[in-house]
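# Residue-level structural notes
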Amino acid sequence: MYRDPHVIFPVLEEVAKSVNPGLLAEFKEKICVKSNEGYEITVMSILRFSVASVAAFMGVDKDAVYSRRKRLKNKINRSGLDNADKFIKWLG
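The following paragraphs examine the structure supplied in this document. Position numbers for residues start from 1 in each chain and track the written sequence from start to end. For a predicted model such as this one, the threshold for reporting local features is a pLDDT of at least 70, and the threshold for listing and counting side-chain atom pairs is 80 or more; totals across whole chains, interfaces and linings nevertheless cover every residue. To obtain the side-chain values, all non-hydrogen atoms of the structure were used and water was disregarded.

## So, the nonpolar core
- In terms of nonpolar packing, the biggest core is built from 26 residues, with Phe 27 and Ile 76 touching the most fellow members.
- A run of H or I in DSSP counts as a helix once it spans at least four residues, and a run of E counts as a strand once it spans at least two, with each numbered from the N terminus. For this core, the elements supplying multiple residues, two or more each, are helix H1 (5–19), helix H2 (23–30), helix H3 (36–46), helix H4 (51–58), helix H5 (62–79) and helix H6 (84–91). What we call a nonpolar core is a set of buried Ala, Val, Leu, Ile, Met, Phe, Trp, Tyr and Cys residues that are connected through their side-chain atoms within 4.5 Å. Accessibility here uses a 1.4 Å probe with only protein chains present; expressed as a share of the type maximum, an area under 20% marks a residue as buried, one over 50% as exposed, and anything in between as partly exposed.

In structure tokens, the structure reads:
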């Protein structure tokens with residue numbers, strides 16, 4: 001089986017978009033402007049990937065995923081977006 005993340009992630013992204021049409025695009029545009037890392041973690045969180053799975057997919061350890069999620073939640077909280085609570089919920 002082919003496991004290149006650059007091939008697999010677009011498929012995961014399409015599935016996540018079907019769960020929340022439009023909202024994921026808003027998240028990417030307003031929160032993850034400079035980094036795709038937060039966006040990738042969010043997509044995998046929407047699809048209920050475990051922290052271990054996210055870490056393996058991204059090639060980092062679990063502590064790095066926890067840290068990135070925390071930074072992302074803080075950024076969302078500071079954003080003042082109307083959908084901030086939904087975005088936070090995605091991240092668990």
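Following the structure, the description resumes.
## Points about the packing of aromatic side chains
- Centre distance within 6.5 Å is the pairing criterion for rings of Phe, Tyr and Trp, where only the six-membered ring of Trp is used; planes under 30 degrees apart are then read as stacked, over 60 as edge-to-face, and the remainder as tilted. Scanning the model with the defined rule gives 5 aromatic pairs in all.
- Judged by centre distance (6.5 Å) and plane angle (45°), the ring pair of Phe 9 and Phe 57 falls under tilted. You can see Phe 9 sitting in helix H1 and its partner Phe 57 sitting in helix H4, a full 48 residues away along the chain. Take Phe 9 and Phe 57: they sit in the same class, and that class is buried.
- Aromatic side chains Phe 27 and Trp 90 sit 6.0 Å apart centroid to centroid with 70° between the ring planes, which places their arrangement in the edge-to-face category. Here Phe 27 is found in helix H2, whereas its partner Trp 90 is found in helix H6, with 63 residues between them in sequence.
- By relative accessible area, Trp 90 is classed as buried at 8%.

## Here we look at the packing of H3 against H4
- Structural elements are reduced to axes, namely lines fitted to C-alpha atoms, with helices fitted over the stretch in contact, and the angle between N-to-C directions of any two is expressed from 0 to 180 degrees. At a minimum axis separation of 10 Å, H3 and H4 run at an interaxial angle of 140°. Considering the angle they form, H3 stands oblique to H4. Once H3 is placed against H4, the crossing between them reads as right-handed. Listed contacts from H4 to Glu 37, Glu 40, Ile 41 and Met 44 of H3 are Val 54, Phe 57 and Met 58.
- Asp, Glu, Lys and Arg are counted as charged, while Ala, Val, Leu, Ile, Met, Phe, Trp, Tyr, Cys and Pro are counted as nonpolar; the rest, among them Gly, fall into the polar class. The class makeup of the residues in the contact of H3 with H4 is 5 nonpolar, no polar and 2 charged. Orientation categories follow fixed angle ranges, with anything under 35 degrees roughly parallel, anything over 145 roughly antiparallel, 65 to 115 roughly perpendicular, and all other angles oblique. If you view the pair so one helix is near and one far, a crossing is left-handed when the near helix is turned anticlockwise from the far one by less than a right angle, and right-handed when it is turned clockwise. When checking whether two residues touch, look at their non-hydrogen atoms; a contact exists if any pair is within 4.5 Å.

## Remarks on H5
- For a helix, the expected span equals 1.5 Å multiplied by the residue count minus one. End to end, H5 covers 26 Å across 18 residues, agreeing with the expected 26 Å (1.5 Å per residue, within 8%).
- Three or more residues of H5 are buried, namely Ala 64, Val 65, Arg 68, Arg 69, Leu 72 and Ile 76. The buried residues of H5 occupy an angular sector of 135° when the element is viewed end-on, so they sit on one face. Away from the buried face of H5 by more than 90 degrees, exposed residues Asp 63, Lys 70, Arg 71, Asn 77 and Arg 78 are located.
- Contacts described as polar in this section are N or O atom pairs within 3.5 Å, which, within protein, must combine one atom able to donate a hydrogen with one able to accept it, while residues neighboring in sequence count only if both atoms come from side chains. Two to three positions downstream of the cap, the backbone nitrogen of Asp 63 sits 3.2 Å from a side-chain oxygen, assigning the N-cap of H5 to Asp 61.
- Gly 80 occupies a position one or two residues after H5 and carries a positive phi of about 70°. The arc in question is formed by the directions pointing from the helix axis toward the C-beta atoms.

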